[in-house]
Amino acid sequence: MPASRGDRDDRDDPVHDLVGIGLGPFNLSLAALADGVPGLRAAFFDQAPVFSWHPGLLLDGATLQVPFLADLVTLIDPTSPWSFLAYLRAHDRLFRFYFYERFHIPRREYDAYCRWVADSLASTHFGVRVDAVRWDAQAGLFRIALSRCAPPAGASPDETARDEMGRDETGRGAAWSTRVVSARHVVLGIGTEPSVPAAFAAVSPLRAFHAARYLERRADLAPLGRVAVVGSGQSGAEVFADLLRAQRPERQHLTWISRTPAFAPMEYSKLGLEQFTPDHVRYFHGLPPRRRDALVPAQWQLHRAIDVDTIGQIYDVLYERTIDGADAAATLLPGVEVRAAAQAAPDGPITLTCHHRDQDRHFTLTADAMVLATGYAPRRPAPLDPVADRFDLDGQGRLRIDRRYRVATDPELTGRVYVQNAELHTHGVGAPDLGLGAWRAAVILDDLTGGRAHRLPPPSAFTTFGAPTEPDQAHPDPGGPRSGQAGAAGHDAVLHEANR
């Protein structure tokens with residue numbers, strides 16, 4: 001049962017039903033959907049001073065790859081006060097958006113929208129680091145150690161180290177720098193971190209840096225003669241397109257290197273997109289682990305390819321540049337893996353040892369600087385180290401995560417540990433997709449409250465993922481349930497099978 005607002009533990013601290021670690025879009029979605037759930041006490045912490053979403057890639061003209069309906073709440077609760085349309089109304093931008101006539105919004109506006117929600121919710125706390133999560137078996141509670149690492153956003157000097165978490169029963173503020181809060185359950189939402197392959201370990205970060213820092217370092221690239229972009233996902237394409245537009249071809253040459261066999265467009269057909277539905281997530285989770293591991297890299301065009309408009313922009317620049325036989329001043333190399341990178345001096349040229357996969361040929365390239373659009377990897381959840389020995393890991397040392405996004409633990413740890421965007425290996429390529437964020441948050445709340453938070457959508461994909469469960473389902477009775485639908489009893493079993 002959710003705690004009442006007055007529920008306290010034996011140390012006279014308020015007991016939270018849920019504490020969130022990290023405040024990216026996914027835990028922010030959970031916080032927004034938890035807001036207003038009767039009797040639910042939740043708090044979310046992030047060490048950053050304010051909400052900020054991939055600031056190094058908030059390029060002018062860059063848009064989300066999902067429609068605006070994939071905001072923090074709408075696909076679960078379109079009446080929520082925390083929808084993108086509610087943000088537009090609060091900022092008097094509804095008519096402007098109406099005439100904008102686009103389904104995909106600017107990335108900078110998505111960041112501004114999330115920041116508005118984060119600043120408005122009472123349950124979100126920035127500038128607070130979670131130092132450790134421990135399990136108190138006697139009390140049946142998590143004890144979560146916090147420390148203040150920055151003043152609250154917008155706080156005046158005399159308000160530093162004061163916020164709702166430090167108020168007493170009278171509502172008066174209480175200054176604090178460290179404290180411990182108690183929770184029945186925790187949710188890990190610290191997201192991923194920039195991944196730099198080992199091949200680039202010997203190169204100075206002054207000349208080879210991750211695309212996450214691109215805006216910060218863009219000006220440093222302008223005077224250099226040879227710049228390489230490594231990686232052909234959307235981030236790599238946007239960086240290359242931005243460099244191409246600013247390039248002076250007579251002074252600079254650009255090289256774009258990708259391991260993928262082509263600079264290919266993202267899968268964006270209507271039936272193809274059904275692989276980003278809850279139906280496909282459930283299907284993927286039910287596959288054997290070895291099959292799941294083989295399937296994720298084969299689906300690269302679902303999560304590592306490029307928006308077709310970005311491809312078009314790059315081609316158009318190159319086409320117009322080469323009128324009258326002018327040099328493109330750009331080399332595009334798909335199907336190439338960088339095996340090693342060497343540099344004699346921190347500000348000297350970089351020699352890349354490359355391998356063309358199809359031809360099985362090695363060659364070298366030289367660059368003065370590199371932007372590494374080499375993706376992101378799960379963060380190591382250091383605050384969970386005190387309870388890490390209680391986690392049940394698979395043969396590759398990864399968390400075992402059930403259909404309801406709960407980490408498998410030993411039976412003595414009765415509190416639940418949920419994860420968001422740490423389940424690519426168990427739930428598939430939809431794990432980092434913003435379009436599934438609200439649904440996943442609602443699944444967690446459904447599990448937490450026994451089905452009393454939000455109504456989850458029934459199966460809705462037209463595609464049948466997996467073999468029909470009954471022999472005649474491939475040719476159903478025309479008078480029976482429609483394709484893609486399930487009976488109420490069956491749907492209820494899907495929603496609450498983990499609560500038994």
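Residues numbered from 1 in each chain as written. Predicted model: local features only at pLDDT ≥ 70, side-chain atom pairs only at ≥ 80, totals over all residues. Heavy atoms only, no water.

Draft legend 1. Inspection of the overall build of the chain at higher detail. Check the secondary structure of the chain and you find 13 helices and 17 strands. The buried share of the chain, reckoned over its 500 residues, is 47%. Taking as baseline every contact in the chain between residues at least 6 positions apart, the subset at least 24 positions apart corresponds to 72%. In the form shown here, the chain has an accessible surface area of approximately 25000 Å², with 52% of it arising from carbon and sulfur atoms. (Helix = DSSP H or I, 4+ residues; strand = E, 2+ residues; numbered from the N terminus. Buried < 20%, exposed > 50% of the residue type's maximum accessible area, 1.4 Å probe, protein only. Contact = heavy atoms within 4.5 Å. Areas by Shrake-Rupley, 256 points an atom, 1.4 Å probe, with all protein chains shown as cover.)

Draft legend 2. Examining the nonpolar core more closely. Counting 52 residues, the largest nonpolar core has Leu28, Tyr110, Tyr113 and Val117 as the members making the most contacts within it. Of all elements in the fold, only α1 (25–34), β2 (42–46), α2 (84–90), α4 (107–120) and α12 (437–449) reach the threshold of two or more residues within this core. Tallying contributions element by element places α12 first for this core, with 8 residues. Those residues in contact with Val117 that sit more than four places away from it in its chain are Leu28, Ala32, Leu72 and Trp82. Membership of the second largest hydrophobic core comes to 27 residues, among which are Ala237, Val239, Phe240 and Ile306. (Core = buried A, V, L, I, M, F, W, Y, C linked by side-chain atoms within 4.5 Å.)

Draft legend 3. Quick peek at unusual backbone geometry. At Ala329, a position not held by glycine, the phi torsion is positive, near 55°. Mapped onto the elements, Ala329 comes out in the loop between α10 (308–321) and β11 (330–333). Take Ala329: its relative accessible area is 3%, and that puts it in the buried class. Phi angles above zero are rare outside glycine, and Tyr405 is one such case at about 70°. Among the secondary structure elements, Tyr405 is positioned in the loop between β16 (376–378) and β17 (417–419).

Draft legend 4. Highlighting the sheet that holds strand β15 (residues 369–372). Pairing in this open sheet of 5 strands is parallel, and the strands run β8-β15-β9-β10-β11 from one edge to the other. Unpaired on one side and paired on the other, β8 (208–210) and β11 mark the two borders of the sheet. Going from strand to strand, the sheet's axes swing by 15° on average, the running direction of each strand aside. In this sheet, β15 lies alongside β8 in parallel orientation, the contact comprising 3 bridges. Along β15, the bridge assignment pairs Phe209 with Val371. Helix α5 (residues 214–221) rests against β8, β9 (226–230) and β15 of the sheet, and its axis sits at about 155° to β8. (Pairing = 2+ DSSP bridges. Axes fitted to C-alpha atoms, helices over the stretch in contact; angles between N-to-C directions.)

Draft legend 5. Broad picture of the pattern of salt bridges. Enumeration according to the criterion identifies 27 salt bridges in this entry. In this structure, Asp111 engages Arg115 in a salt bridge whose closest nitrogen and oxygen atoms are separated by 2.7 Å. Residue Asp111 and its partner Arg115 are both found in helix α4; the two are separated by 4 residues, about one turn of the helix. For Asp368, the salt bridge identified is with Arg226, shortest N-O distance 3.0 Å. In this pair, Asp368 sits in the loop between β14 (361–367) and β15 while Arg226 sits in strand β9, placing the two residues 142 residues apart along the sequence. Ionic contacts of the salt-bridge type, sharing partners, join the residues Asp402, Arg404, Arg406, Arg416, Asp446 and Asp447 into one network. (Salt bridge = Lys/Arg side-chain N within 4 Å of Asp/Glu carboxyl O.)

Draft legend 6. Spatial organisation of α5. Taken together, the buried positions of α5 are occupied by Tyr214, Arg217 and Leu221. Down the axis, α5 shows its buried residues gathered within 85° of arc, on one side only. In α5, the exposed positions that point more than 90 degrees away from the buried face belong to Glu216 and Ala219. Next to the buried residues of α5 lie β8, β9, α6 (234–246) and β15. (Arc of directions from axis to C-beta.)

Draft legend 7. Just the confidence of the model for the chain, in detail. Per-residue confidence for the chain gives a mean pLDDT of 88; residues scoring 70 or more make up 86%. Scored below 50 in pLDDT, residues 156–162 makes 11 contacts in the model with residues more than four places away or belonging to other chains. Throughout residues 166–173 the model reports pLDDT below 50, and contacts reaching past four residues in sequence, or to other chains, amount to 9 contacts. (pLDDT = per-residue confidence, 0-100.)

Draft legend 8. Structural detail: the packing of aromatic side chains. Summed over all chains, the structure comprises 20 aromatic pairs. Plain terms: the ring middles of Phe84 and Phe97 are 5.5 Å apart, the flat faces sit at 75° to each other, and that makes the pair edge-to-face. In this pair, Phe84 sits in helix α2 while Phe97 sits in helix α3 (residues 94–100), placing the two residues 13 residues apart along the sequence. The exposure class assigned to Phe84 is buried, which follows from its relative accessible area of 1%. Cluster of aromatic residues (ring-pair linked, three or more members): Trp53, Phe68, Trp82, Phe84, Tyr87, Phe97, Tyr100, Phe103, Tyr110, Tyr113 and Trp116. In this structure, Arg440 packs its charged tip against the face of Phe26, placed 4.3 Å from the ring centre. Just above the ring of Tyr405 sits the side chain of Arg440; from NZ or CZ to the centre is 5.9 Å. (Phe/Tyr/Trp six-rings, centres within 6.5 Å; stacked < 30°, edge-to-face > 60°. Lys NZ or Arg CZ within 6 Å of the ring centre and 35° of its normal.)

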